[in-house]
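Geometric and topological summary
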Amino acid sequence: MSDTARNRKQLETLIQRMEAKMLVGDFDYAEFFPGSKNLKKLEDAGVLPTNGEGVLGQSESDTPLFTDFADQWFLESKIQWRNSHTRNVESILASSLKPAFKNKRVGEISKPDILAARNKMARRKGRGASGLMSPKTINSHMTILRMILTEAAERFDFTNPYLNIKPLKQQKVHIEPFSLNEVEKILETVREDYHNYYLVRFYTGMRTGEVDGLKWEYVDFEKREILVRETLIHGQTEYTKTDGSQREIPMFGPVYQALKSQYEATGKFSKFVFCNRLGEPLDHNNVTKRVWYPLLEHLKLKKRRPYQTRHTAATLLLASGENPEWVARTLGHSSTEMLFKVYSRYIPNLTRMDGSAFERLIQSRVIENDKEVGDETE
């Protein structure tokens, strides 16, 4: 090969494939060096299988198997991911993508292959409303596939088959926040050891992982602020989902006193604000089943996920007249777009979608005109 930029890139890619296969214990010397004089020695030594000319004489494929390149892509990419995302991608590769394309080379995968794989996912059991994989979950799997094929197409110089494939349409999620009266009823009734926990959830709008992973080092009583710096996933704290999620939340109203009270209970016992008897962070699935759902049933309130506490905080803040940009920052949103998209129907006066602003403008003009007519008459 001549010493050109293109050939250097091909050689670098070949080396990366070799190293990836070595890491996963699947390196085949004959695959990469079919013309090597050492093949006979390795075969005689029992290192390589004796398969005759069919194996030793095979030519190197232009592109690797999808499973091999997926492993390579995963090893190269995971350094930039959170632990939870790494586990999620690893699961998607093992459960969906590798089985779907296990006998295909990346350069041989076609658009019909991709659509067939997606249709197969849609028939798998899952947590969707129909008992099958939801469009959201399928889209997340397909996103990983698209990223792998895009990288492969760039490296091996072939046309990316993942073109003009739009994500599946997802049903609009309807939020069901609690009214202020319902919030007060819940806080009056919930068992005492969880009163502070749910009060903080309702009045700060913190995400489940954020409040469950909250540590005392991030509670600033002097400035009356909660510093959101980490989130809890699978029992381990890590960096928040996005940079925008890093924020400071004022201790609204009774939140300050609730955290002061909580400090007396767990401040010297655990690094976590809310914890179990062993000082470990709460298991939200366990708390939801043992405390949250029985409480709603007892109060004869509609069964809703605990995440509705966050939606409740958002609607209460906006309905009270707080600046939407400030509310967005407090909740950890990058912009106000989601606020108006998700919560507008709960705050008609703020979003001016009830015609009241226009009516006030017209009425003010009528009054001004009447006044002018009266002045001229006098």
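Up top is the structure.
Residues numbered from 1 in each chain as written. Predicted model: local features only at pLDDT ≥ 70, side-chain atom pairs only at ≥ 80, totals over all residues. Heavy atoms only, no water.

**Overview of the overall build of the protein chain**
- Helices and strands together make up the secondary structure of the protein chain, namely 18 helices and five strands.
- Within the protein chain, buried positions represent 41% of all 378 residues.
- Partitioning the contacts of the protein chain with sequence separation of at least 6, the portion at a separation of at least 24 is 59%.
- Surface accessibility of the protein chain: about 23200 Å² in total, with carbon and sulfur atoms responsible for 49%. (Helix = DSSP H or I, 4+ residues; strand = E, 2+ residues; numbered from the N terminus. Buried < 20%, exposed > 50% of the residue type's maximum accessible area, 1.4 Å probe, protein only. Contact = heavy atoms within 4.5 Å. Areas by Shrake-Rupley, 256 points an atom, 1.4 Å probe, with all protein chains shown as cover.)

**Remarks on the pairing of strand β3 (residues 230-233)**
- Of the two faces of β3, both are covered, the one formed by Glu-230 and Leu-232 as well as the one formed by Thr-231 and Ile-233.
- As paired strands, β3 and strand β4 (residues 236-239) are joined by four bridges and run antiparallel to one another. The residue of β4 that forms the bridge with Glu-230 is Tyr-239.
- In sequence, β3 turns back onto β4 through a hairpin of two residues, with His-234 there showing a positive phi of about 55°. (Pairing = 2+ DSSP bridges.)

**Points about the pattern of salt bridges**
- Evaluation of the coordinates by the stated rule reveals 13 salt bridges.
- The partner of Arg-82 in a salt bridge is Glu-238, with the nearest N and O atoms 3.5 Å apart. Separated by 156 residues along the polypeptide, Arg-82 in the loop between α5 (66-77) and α6 (83-100) and Glu-238 in strand β4 bring together distant segments of the chain.
- Of the residues examined, Arg-82 reaches a relative accessible area of 24% and is grouped as partly exposed.
- On the basis of relative accessibility, which here comes to 9%, the residue Glu-238 falls in the buried class.
- Through salt bridges with shared partners, one network takes in Glu-76, Glu-151 and Arg-155. (Salt bridge = Lys/Arg side-chain N within 4 Å of Asp/Glu carboxyl O.)

**Overview of empty space enclosed by the protein**
- A complete count under the given rule lists one cavity of 30 Å³ or more for this structure.
- Empty space within the largest cavity amounts to approximately 30 Å³.
- The wall of the largest cavity is formed by Arg-17, Ala-20, Lys-21, Pro-64, Asp-68, Phe-69 and Gln-72.
- Mapped by element, the contributors of at least two residues to the lining of the largest cavity are α1 (5-23) and α5.
- Its residues assigned to classes, the lining of the largest cavity shows three nonpolar, one polar and three charged.
- Composition of the lining of the largest cavity by domain shows at least three residues from each of domain 1 (7-45) and domain 2 (66-156). (1 Å grid on protein atoms, 1.4 Å probe; cavity = no way out; pocket = protein on both sides within 12 Å on 5 of 7 lines; lining within 4 Å. Points joined across faces, edges and corners; volume = space filled by probe spheres on them. Nonpolar A, V, L, I, M, F, W, Y, C, P; charged D, E, K, R; others polar. Domains from an automatic or database assignment.)

**Quick notes on the packing of aromatic side chains**
- Tallied over the entire structure, the rule returns 17 aromatic pairs.
- Consider the rings of Phe-178 and Trp-292, whose centres lie 5.8 Å apart with planes at 85°: the pair is edge-to-face. On the criterion of sequence distance, the pair formed by Phe-178 in the loop between α8 (135-156) and α9 (180-189) and Trp-292 in helix α13 (residues 284-298) is long-range, its members being 114 residues apart. Of the two residues, Phe-178 and Trp-292, both sit in the buried class.
- Taking the centre distance of 6.5 Å and the plane angle of 40° together, the rings of Tyr-194 and Tyr-198 count as tilted. (Phe/Tyr/Trp six-rings, centres within 6.5 Å; stacked < 30°, edge-to-face > 60°.)

**Quick look at helix α7 (residues 111-122)**
- For α7, spanning 12 residues, the distance from its first C-alpha to its last is 17 Å, which sits close to the expected 16 Å at 1.5 Å a residue.
- Taken residue by residue, α7 has Ile-114, Ala-117, Arg-118 and Met-121 as its buried positions. For α7, the buried positions fall inside an angular range of 100° around the axis, keeping them on one side. In this structure, α7 carries Pro-112 and Lys-120 as exposed residues pointing more than 90 degrees from its buried face.
- Considering only its buried residues, α7 is in contact with α6 and α8. (Expected span 1.5 Å × (residues − 1). Arc of directions from axis to C-beta.)

**Here we look at a positive patch on the surface**
- Residues Lys-102, Lys-120, Arg-123 and Arg-124 make up a contiguous surface patch of positive charge.
- Looking at the secondary structure, you find Lys-102 in the loop between α6 and α7. (Patch = residues over 30% accessible without salt bridge, like charges linked within 9 Å, V, L, I, M, F, W, Y side chains within 5 Å. Lys, Arg positive; Asp, Glu negative; His and termini not counted. Charge placed at Lys NZ, Arg CZ, Asp CG, Glu CD.)

**Considerations on the environment of Met-206**
- Position of Met-206 relative to the elements: it lies in the loop between α10 (195-204) and α11 (208-212).
- Between the C-alpha atom of Met-206 and that of Tyr-307, which follows or precedes it by 101 residues, the distance is 9.0 Å.
- Every residue in contact with Met-206, bar those within four places of it in the chain, is listed here: Val-200, Arg-201, Val-211, Leu-214, Ile-226, Val-228, Arg-247, Ile-249 and Arg-310.

**Quick notes on unusual backbone geometry**
- Even without being a glycine, Asn-164 presents a positive backbone phi close to 55°.
- Relative to the helices and strands, Asn-164 is located in the loop between α8 and α9.
- Owing to a relative accessible area of 74%, Asn-164 belongs among the exposed residues under this scheme.
- The backbone of His-234 sits at a positive phi, close to 55°, despite the residue not being glycine.
- Among the structural elements, His-234 can be located in the loop between β3 and β4.
- Exposure remark for His-234: the relative accessible area of 68% places this residue in the exposed category.

**Some remarks on the packing of α5 against α8**
- α8 packs onto α5 with a crossing angle of 100° between their chain directions and a minimal axis gap of 10 Å. Considering their axes alone, α5 and α8 lie roughly perpendicular with respect to each other. When α5 is examined against α8, the residues Phe-66, Phe-69, Ala-70, Gln-72, Trp-73 and Glu-76 are found in contact with a partner set consisting of Ile-144, Leu-145, Met-147, Ile-148, Glu-151, Ala-152, Arg-155 and Phe-156. (Axes fitted to C-alpha atoms, helices over the stretch in contact; angles between N-to-C directions. Parallel < 35°, antiparallel > 145°, perpendicular 65-115°, else oblique.)

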